[in-house]
Amino acid sequence: MSNCDEKIVFTGSGIVCGAGASVDDVWSTLISGETSVAPYTQWDGEKWPVKVASEVKENNRTLVPDRKLHKTISRTDMFGIYAAEKAVENSGLLEHRGELGEEETAAFNDRTGLIVGSGGGNYTSNYDYLPLIHEAKGELPAFGKELSAQVTPMWLLKNLPNNVLCHVGIRGQFKGTNACITNQCASGIMAVAESASAILNDEADRIIAAGHDAPFEPEMVLYYHKLGLMSGEAPRPFDEARNGTVFGEGAAAVTLEKASDAEARGANVLGEFLGWGCCSEATGVLDLEPDGDGVKRAVEQALNDAGLEPSDIGMICAHGNGTPASDLSEAIGIGRVFGDDIPPVTGFKWAYGHLIGASGIADIVMTLEALKQKTLPGVATLKKVDDEISAFPVSSASTAPRSNKALVICRGFGGMNVAVIVSAG
Amino acid sequence: MASQEKRKVAVTGIGLVTPIGNDAPTTWANLQAGKNGAATTQSFDASGFSTTFSAEVKDFDPETAVPNPKMLKYASRSHGFALAAAAEALADAGIAPTDEDSHRWGLAVGAGMMSVAYDDLKVVYDHATDDGYFDSDGLADPSFPANPVNFCRWQSNAGLGLLTKQFGIRGYSTSVHTACASGGQAVGSALKAMRRGQCDYMLAGGFDSMINPIGISGFCLLGALSTDNDNPAGASRPFDKTRNGFVLGEGAGFLVLEDWDKAVARGATIYAELAGDGNSLSCYRITDSPPDGNGPIQAIEQALGDAGITAADVDYVNAHGTSTQMNDRSECAALKHVFAGRVDEVKVSSTKSCTGHLIAAAGAVEAAVCCLSIRDGIAPFNANYGEPDPDCDVNLVLEKPQPGRIRAALSNSLGFGGSNSSLVFRNPESVNSKEANS
């Protein structure tokens, strides 16, 4: 970000997850110390080893009122469309566009980008083929012959990984630079960072960045459980007794634009994007480096990109997914950058579960709120910090950030590590 | 628009696995010979489907390219293509990440569709259905044979995880999916990461394989595939008036991208400069491209602008040209708008006429084709063309490849969902002489 004088600011945000369908509602949950992780309702968990999740409670028509649209989107798309359109609404961009003439409007649309981090695929959508397999008695020729009689013609369109991108685009006529990032947990946070970079690089004047995912489904729970990644209760990041993560579901979104544009149209500025880093640990799909190598390098890149020293950072929103290996290596990686002067650390997965593709962007939205409120919510489920990282400054109690700048860390399969620095308040 | 000098990015390595060749030289030779990759589908019994043929990769053995059984255990068919094409690209470039510079190497991939394999779904059917309907209790039963390897293969960034590990890439890494535009957008994302200084070297490409019962079902349901079951080799006929849908292909394409000065300093062979990326959203319909080209036009114009050239400097367009009625008409409208008075001069072809449509890999494979076209001064031809369509009256290269120096080549990828990606490649001689840099 160093070779450009332009500042990139956040002028809108939106979120939906098990802890609420607005920034205010989710903030209340974070401050209350009451997790939204609870026995799930989407299927009968009685015979299941894992019986809890953080489910979105709002019904479909509340989130996306357009009845027709539901025929061509899936549950995760519904979350993404809701959050993205809230971020647009919150930014006042459409009111601004409404004041433009015809040619200016066309130019505005061509210079408005949309970058979405998507969970990719899901297992459940493929179950639409199960009645067909049944009908075809497991024979492929019959499967082919009966296909159109058994499965909706819209099946592929309903399940495109880039659905949120196209529907939010069509509905808002945002025709500029775009991408759909399918980088597992890193998807949503990368959408924010790539958006800021694209505006700095003059590829667009403003971009809506969104991330959405609905990982909570039977097969996902089963495999995470088999791999030893799943807890039976709300996650306890950095606790000595942590034993895994729990799924949430939902989406978050932000509107980013040039500070000069935001000022000119009198927009409400939520915060500023200061820099980012991104790297892989080259460890394959599931493994990670125990020494926090990727965390360290991503954070150092972000500090360098933002032109900041570790001592400038006022708080850290950690990935803290509650699994033993990830939390330990994350704390070690943070320690390698900050030494014995680590700013207060928190993480939000105890409250709304792990949103996978949407986790990093949800954490950014709530970190901006924490900076605005000058309050760092504690990790409410934390009882005793792991002895191996006993000096790690994480607590169950709320505290004040030591400056208006925050570091958000997001980690994912593929050895991915992404760090973003924002300021607010 | 950008005032400061943009960092120059060289293409120094190419790797391909396509329905007409399991490496880049074979694919390129067969494109020039007009060989067609489509035939009756062999990998499963497709006789009951409305389309019974496809353009499959033939006789592919991933272990030849990647002698790493532990890695390949976690690789799906499309990941195998990706590992092989990436290995070829790196070998071709004569460079690979080392302990000293692995953090300056990046990866950008256009990842294929994430649908579950039919065999895995059959296992769910066998254990967890009641009268054909899903019953979650069946999954929770200890007898359900949950295989974590399948789970790993199916992760949205599994390809990224395998590629970064196999080649030791430790820098910026991204995985994108905008349907048929994925490969082009991945290469464009790589260019941006190089230009903003996040990497000095990148492996960029795409991979896909939807030739399986579930993958092909999605397209059959939409009626997007050609149903010329008695003439597979003639089915993909982009821009022909009688075109009736695309031919599903599979494969992978990868490029090695390198800081221009570093490539020159080490005496690397430079195929082309990856000079410009353009990217727009049509905001029209999910499956159709707008008839007037509004959307693709902006992507092409941005790519030219980003490359610092104009329509006057382009000698060859590798069209998206899927052989569907709507795509080809929309793309030609865009080309006519952008090239205006030069539309009769600029050579255009869709190599999908030979390879079929490689979906998420298409843009990356066709980017490689542009680089090879520039190197050899040969525009590949648009095969299977018979009946002209007045809506598609662009200057198609027909019947045989056309020799002639190519100063700059444009590659278009237009995806389901309306994402449009255009890439501009420049001849290294043009870059050095500052020709066409006005």
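Since the model is a prediction, treat every value here as computed from it, not as a measurement. (Residues numbered from 1 in each chain as written. Chains lettered and ligands numbered in written order. Predicted model: local features only at pLDDT ≥ 70, side-chain atom pairs only at ≥ 80, totals over all residues. Heavy atoms only, no water.)

Participant: I tried to follow the interface of chain B and chain A on my own but got confused; where do I start?
Facilitator: Interface size, as often reported, equals the accessible area lost upon joining of the parts. Taken together, the contacts link 81 residues of chain B with 82 residues of chain A. Both faces combined, the contact of chain B with chain A buries some 7,100 Å², and carbon together with sulfur accounts for 64% of it. Among the residues of chain B in contact with chain A, B:Phe151, B:Arg170 and B:Leu221 are the three that bury the most area, contributing 10% of the side total. Between chain B and chain A we count 4 salt bridges in total. In this structure, the connection of chain B to chain A is made through 32 residue pairs in polar contact (both at pLDDT 80 or more). Top element by residues in the side of chain B that touches chain A is helix 10 (residues 213–222) of chain B. It accounts for 8 residues. (Contact = heavy atoms within 4.5 Å. Buried area = accessible area lost by both parts, 1.4 Å probe. Salt bridge = Lys/Arg side-chain N within 4 Å of Asp/Glu carboxyl O. Polar contact = N/O pair within 3.5 Å; in protein donor to acceptor, adjacent residues only side chain to side chain. Helix = DSSP H or I, 4+ residues; strand = E, 2+ residues; numbered from the N terminus.)

Participant: What exactly am I supposed to notice about a positive patch on the surface here?
Facilitator: On the surface, A:Arg61, A:Arg67, A:Lys68 and A:Lys71 cluster together into a patch of positive charge. Of note, A:Arg67 is situated in the loop between helix 2 (60–63) and helix 3 (75–91). (Patch = residues over 30% accessible without salt bridge, like charges linked within 9 Å, V, L, I, M, F, W, Y side chains within 5 Å. Areas by Shrake-Rupley, 256 points an atom, 1.4 Å probe, with all protein chains shown as cover. Lys, Arg positive; Asp, Glu negative; His and termini not counted. Charge placed at Lys NZ, Arg CZ, Asp CG, Glu CD.)

Participant: I keep staring at the packing of helix 13 (residues 293–306) of chain A against helix 14 (residues 324–338) of chain A and nothing clicks. Help me out?
Facilitator: If you want to describe how two helices pack, look at the angle between their axes and the distance between the axes. Residues and elements named next belong to chain A. Where helix 13 contacts helix 14, the two axes come as close as 7 Å, and the packing angle between them is 40°. By the criterion of interaxial angle, the relationship of helix 13 to helix 14 is oblique. Once helix 13 is placed against helix 14, the crossing between them reads as right-handed. Only Glu-330, Gly-333, Ile-334, Arg-336, Val-337 and Phe-338 of helix 14 make contact with helix 13, whose side of the interface consists of Asp-293, Val-295, Lys-296, Val-299, Glu-300 and Leu-303. Classifying every residue of the contact of helix 13 with helix 14 by side-chain character gives 6 nonpolar, 1 polar and 5 charged. (Axes fitted to C-alpha atoms, helices over the stretch in contact; angles between N-to-C directions. Parallel < 35°, antiparallel > 145°, perpendicular 65-115°, else oblique. Left-handed = near helix turned anticlockwise from the far one by under 90°. Nonpolar A, V, L, I, M, F, W, Y, C, P; charged D, E, K, R; others polar.)

Participant: How do you make sense of the packing of helix 7 (residues 140–150) of chain A against helix 10 of chain B when you look at a structure like this?
Facilitator: Direction vectors running N to C along helix 7 of chain A and helix 10 of chain B enclose 25°, while the axes themselves pass 10 Å from each other. Overall, the two elements helix 7 of chain A and helix 10 of chain B adopt an arrangement that is roughly parallel. The hand of the helix 7 of chain A/helix 10 of chain B crossing is right-handed. Within the contact between the two elements, helix 7 of chain A uses A:Leu140, A:Phe143, A:Leu147 and A:Ser148 and helix 10 of chain B uses B:Pro213, B:Ile214, B:Ser217, B:Cys220 and B:Leu221. Grouping the amino acids of the contact of helix 7 of chain A with helix 10 of chain B by side-chain chemistry returns 7 nonpolar, 2 polar and no charged.

Participant: Mind showing me how you'd approach the domain arrangement of chain A here?
Facilitator: Residue and element names in this part refer to chain A. By domain assignment, chain A separates into domain 1 (8–122 + 159–423) and domain 2 (124–156). A separation of 36 Å is found between the C-alpha centroids of domain 1 and domain 2. Counting residues at the interface gives 8 residues for domain 1, matched by 7 residues for domain 2. Summing both sides of the interface, domain 1 and domain 2 together bury roughly 650 Å²; the carbon and sulfur share of this comes to 36%. Of all residues in domain 1, Asn-122, Asn-159 and Glu-219 bury the most surface against domain 2, accounting for 61% of the area lost on that side. Inspection of the domain 1/domain 2 interface yields 9 residue pairs in polar contact (both at pLDDT 80 or more). Broken down by class, the residue content of the side of domain 1 that touches domain 2 amounts to 2 nonpolar, 3 polar and 3 charged. (Domains from an automatic or database assignment.)

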